[in-house]
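# Close look at the chain arrangement
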Amino acid sequence: PYRLVRPRTLLYAGLLTAIGVVMATALLLRTTVELSVLRDRAPLFVELSDGSIRNGYTLKAANKTRETVHYRLSVDGLPGALLTVASADAAASGDTLNMEPDAVATYRVYVTAPRAALPESTPVTFRLRGVSGSGAASHASVFIGPERK
């Protein structure tokens, strides 16, 4: 007897279909922006002339889209904190980061908080949100203050 389709052929077709579905799902669910934060290790913090405490961070943000996107950067978890993007990159203005398509950009960021009621170590979260709702990312870090006596 002659078979029209062998079982091995059906098995291979099923495996290829399953692999295709997994790849399509991964492509559809991938994030459009990625954020990583590295806190400066030296000095741990800087005490400014007005008594407030400043920490420095290096942010790397990856825009995975094929168009320039404007993102708004914020920091949560530290009441009264002031966020400053101090980047030589002209693509940063205020708290808005303008990211080129398919690129990773590095930014210098300073977070300044009033010294009053500031604990030695405070968890903070950096949030990057698309101005036009194009994507969002967050990364947890820590804000270091002076030792309490």
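Fair warning: this is a prediction, and the values are worked out from it, not measured in the lab. (Residues numbered from 1 in each chain as written. Predicted model: local features only at pLDDT ≥ 70, side-chain atom pairs only at ≥ 80, totals over all residues. Heavy atoms only, no water.)

In this section: a nonpolar patch on the surface. A surface patch of nonpolar side chains, about 350 Å² in accessible area, is lined by L4, V5 and L10. Position of L10 relative to the elements: it lies in helix α1 (residues 7-29). (Patch = residues over 30% accessible without salt bridge, like charges linked within 9 Å, V, L, I, M, F, W, Y side chains within 5 Å. Areas by Shrake-Rupley, 256 points an atom, 1.4 Å probe, with all protein chains shown as cover. Salt bridge = Lys/Arg side-chain N within 4 Å of Asp/Glu carboxyl O. Helix = DSSP H or I, 4+ residues; strand = E, 2+ residues; numbered from the N terminus.)

Time to look at the nonpolar core. Among the nonpolar cores identified, the biggest contains 27 residues, and L73, F126 and F143 are the most heavily contacted of them. Looking at this core, the elements that each hand over two or more residues are β1 (33-39), β3 (53-63), β4 (69-76), β5 (82-85), β7 (96-99), β8 (103-113), β9 (121-130) and β10 (136-144). Looking at this core element by element, the count peaks at 5 residues for β8. Each residue touching F143, except ones within four places of it in the same chain, is listed here: I53, R54, N55, Y57, L78, V111, A113, L118, E120, S121, T122 and V124. (Core = buried A, V, L, I, M, F, W, Y, C linked by side-chain atoms within 4.5 Å. Buried < 20%, exposed > 50% of the residue type's maximum accessible area, 1.4 Å probe, protein only. Contact = heavy atoms within 4.5 Å.)

We now examine unusual backbone geometry. Looking along the chain, the bond that leaves A42 and enters P43 is cis, with omega of -5°. Tracing the backbone through its elements, the reader meets P43 in the loop between β1 and β2 (46-47). Within the chain, D102 stands out as a residue other than glycine whose phi angle is a positive 50°. Mapped onto the elements of the fold, D102 is located in the loop between β7 and β8. The exposure class of D102 is exposed, given its relative accessible area of 52%.

Mapped onto the fold, N63 is located in strand β3. Within the structure, N63 has its side chain in polar contact with the backbone oxygen of E67 (distance 3.1 Å). Within polar-contact distance, the side chain of N63 engages the backbone oxygen of E100 at 3.0 Å. Setting aside anything within four residues of it in sequence, one finds N63 in contact with T32, T68, V69, Y71, M99, E100, P101, D102 and A103. (Polar contact = N/O pair within 3.5 Å; in protein donor to acceptor, adjacent residues only side chain to side chain.)

Within the secondary structure layout, N55 lies in strand β3. Relative accessible area serves as the criterion here: at 1%, N55 is assigned to the buried category. There is a polar contact of 2.7 Å between the side chain of N55 and the backbone nitrogen of I144. Excluding anything up to four places from it in sequence, N55 contacts R39, L44, F45, V109, Y110, V111, V142, F143 and I144.

Attention now moves to the pairing of β9. Of the two faces of β9, the one holding T122, V124, F126, L128 and G130 is buried and the one holding S121, P123, T125, R127 and R129 is not buried anywhere. Alignment of β4 against β9, held across 6 bridges, turns out to be antiparallel. Considered in β9, the bridge of R72 is made with R129. Between β9 and β10, which pair antiparallel and follow one another directly, the connecting turn spans 5 residues, one of which, G133, has a positive phi of 75°. (Pairing = 2+ DSSP bridges.)

Moving on, we come to the pattern of salt bridges. By the definition in use, this model includes 4 salt bridges. Note that D40 and R108 form a salt bridge whose closest N and O atoms lie 2.6 Å from each other. Placement of the pair is D40 in the loop between β1 and β2 and R108 in strand β8, with a sequence separation of 68 residues. With its nearest N and O atoms 2.5 Å apart, the salt bridge here joins R127 to D76. With R127 in strand β9 and D76 in strand β4, this pair connects stretches of sequence that are 51 residues apart. When its relative accessible area of 26% is taken as the criterion, R127 is described as partly exposed. For D76, a relative accessible area of 29% corresponds to the partly exposed category.

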